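Residue strings, one per chain:
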Amino acid sequence: MTTAVKPSPLTSHLGFWLRFVSNHVSHAFARKLEGRDVTVAEWVLLRELYDADTIAPSRLAERMGMTRGAITKLADRLIAKGLVSRQANPEDARAQTLTITAAGQGLIPELSALADSNDAEFFGHLTPVERAEIERLLKDIITRRGLTAVPVS
C-alpha cells in the first residue's frame with residue numbers, strides 16, 4: 001500500500017510569489033496607461049521603437065517574444081493612433097519597417113514617468129542594496145534559463 005504524498009501548497013512556490021507581485025505591478029501600470037489610451041503591449045512596442053528608431057516587424061517580434069501577426073496588430077493600432085508609421089524597407093521593397101512618429105516620441109517621456117511612478121509605488125520602500133540584490137537574482141535566473149523575450153503582459 002502506498003502512502004499519498006500531500007501536494008505542496010501554492011504559497012510554498014517562489015513562482016507563485018513572483019507571479020503574485022508581477023500581476024499586481026502589471027495591472028497597476030495597465031490602469032495608469034488606460035488614461036493615455038495605450039496598453040502595456042503598445043507601451044513596450046513604442047519603447048522598443050524609441051530606442052531602435054526604425055526596425056523590421058520581424059526583428060521587433062523576436063525582441064518582444066511575439067509572433068509577427070501579433071506585432072502587426074499592435075503596429076496597426078499604433079498607426080491608427082498616429083504613434084507609429086510603416087514604410088517599405090529601402091533595401092527590400094517586399095519588406096516593411098516600423099518607425100515611431102514625432103507624436104509617439106513625444107509620448108514616451110510621459111509614459112516613462114508613469115512606469116517610474118508605478119515602480120516607485122511597488123519597490124520604493126526597498127533600500128538600494130535590496131533592490132540591487134533582487135535585480136541581480138532575477139537577472140541570474142534570466143541568464144541561467146536563457147530568457148530573451150521582453151515581457152509584454
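Here, every reference points to the structure presented above.
Described in the following lines is the structure provided in the data block. Not measured: the values here are computed from a predicted model.

Procedures and definitions
- Residues numbered from 1 in each chain as written.
- Predicted model: local features only at pLDDT ≥ 70, side-chain atom pairs only at ≥ 80, totals over all residues.
- Heavy atoms only, no water.
- Patch = residues over 30% accessible without salt bridge, like charges linked within 9 Å, V, L, I, M, F, W, Y side chains within 5 Å.
- Areas by Shrake-Rupley, 256 points an atom, 1.4 Å probe, with all protein chains shown as cover.
- Salt bridge = Lys/Arg side-chain N within 4 Å of Asp/Glu carboxyl O.
- Helix = DSSP H or I, 4+ residues; strand = E, 2+ residues; numbered from the N terminus.
- Core = buried A, V, L, I, M, F, W, Y, C linked by side-chain atoms within 4.5 Å.
- Buried < 20%, exposed > 50% of the residue type's maximum accessible area, 1.4 Å probe, protein only.
- Contact = heavy atoms within 4.5 Å.
- Pairing = 2+ DSSP bridges.
- Phe/Tyr/Trp six-rings, centres within 6.5 Å; stacked < 30°, edge-to-face > 60°.

1. Some words on a nonpolar patch on the surface
(1) Moving on: Judged by side-chain polarity, L14, W17, L18, F20, V21, I134, L138, I141, I142 and L147 come together as a nonpolar surface patch covering roughly 900 Å² of accessible area.
(2) Moving on: Where the nonpolar patch is concerned, the elements lending two or more residues are α1 (14-34) and α6 (128-145).
(3) Moving on: Looking at which element gives the most residues to the nonpolar patch, the answer is α1, with five residues.
(4) Moving on: By the secondary structure assignment, L147 is in the segment after α6.

2. Some thoughts on the nonpolar core
(1) Moving on: Judged by nonpolar contacts, the single largest core of 25 residues is most densely connected at W43, L45, L46, L49, L60 and L111.
(2) Moving on: For this core, the leading source of residues is helix α2 (residues 40-52), giving six residues.
(3) Moving on: Ignoring anything within four residues of it in the chain, the contact list for L49 reads I55, L60, V84, L98, T99 and I100.

3. Some words on the environment of T11
(1) Moving on: Counting through the fold element by element, T11 comes out in the segment before α1.
(2) Moving on: The partly exposed category is assigned to T11, whose relative accessible area is 45%.
(3) Moving on: Excluding residues that lie within four positions of it along the chain, T11 makes contacts with F16 and W17.

4. Comments concerning unusual backbone geometry
(1) Moving on: A positive phi angle, close to 60°, is found at D37, a residue other than glycine.
(2) Moving on: With respect to the helices, strands and loops of the structure, D37 is situated in the loop between α1 and α2.

5. A closer look at the sheet that holds strand β1 (residues 54-55)
(1) Moving on: Strand order in the open sheet made by the three strands is β1-β3-β2, with antiparallel pairing throughout. Of all the strands in the sheet, just β1 and β2 (84-89) have a single pairing partner and so form its edges.
(2) Moving on: For β2 and strand β3 (residues 92-100), the ladder comprises six bridges, and the chain directions are antiparallel. By the bridge assignment, S85 is partnered in β3 with T99.

6. A look at the side chain of S112
(1) Moving on: Turning to its location among the elements, S112 is positioned in helix α5 (residues 102-123).
(2) Moving on: Ignoring anything within four residues of it in the chain, the contact list for S112 reads W43 and R47.

7. Here we look at the packing of aromatic side chains
(1) Moving on: The tally for this structure, following the rule as stated, stands at five aromatic pairs.
(2) Moving on: Here the aromatic rings of F122 and F123 are separated by 6.3 Å at their centres, their planes lie at 50°, and the arrangement is tilted.
(3) Moving on: Residue classification places F123 among the partly exposed residues on the basis of a relative accessible area of 25%.

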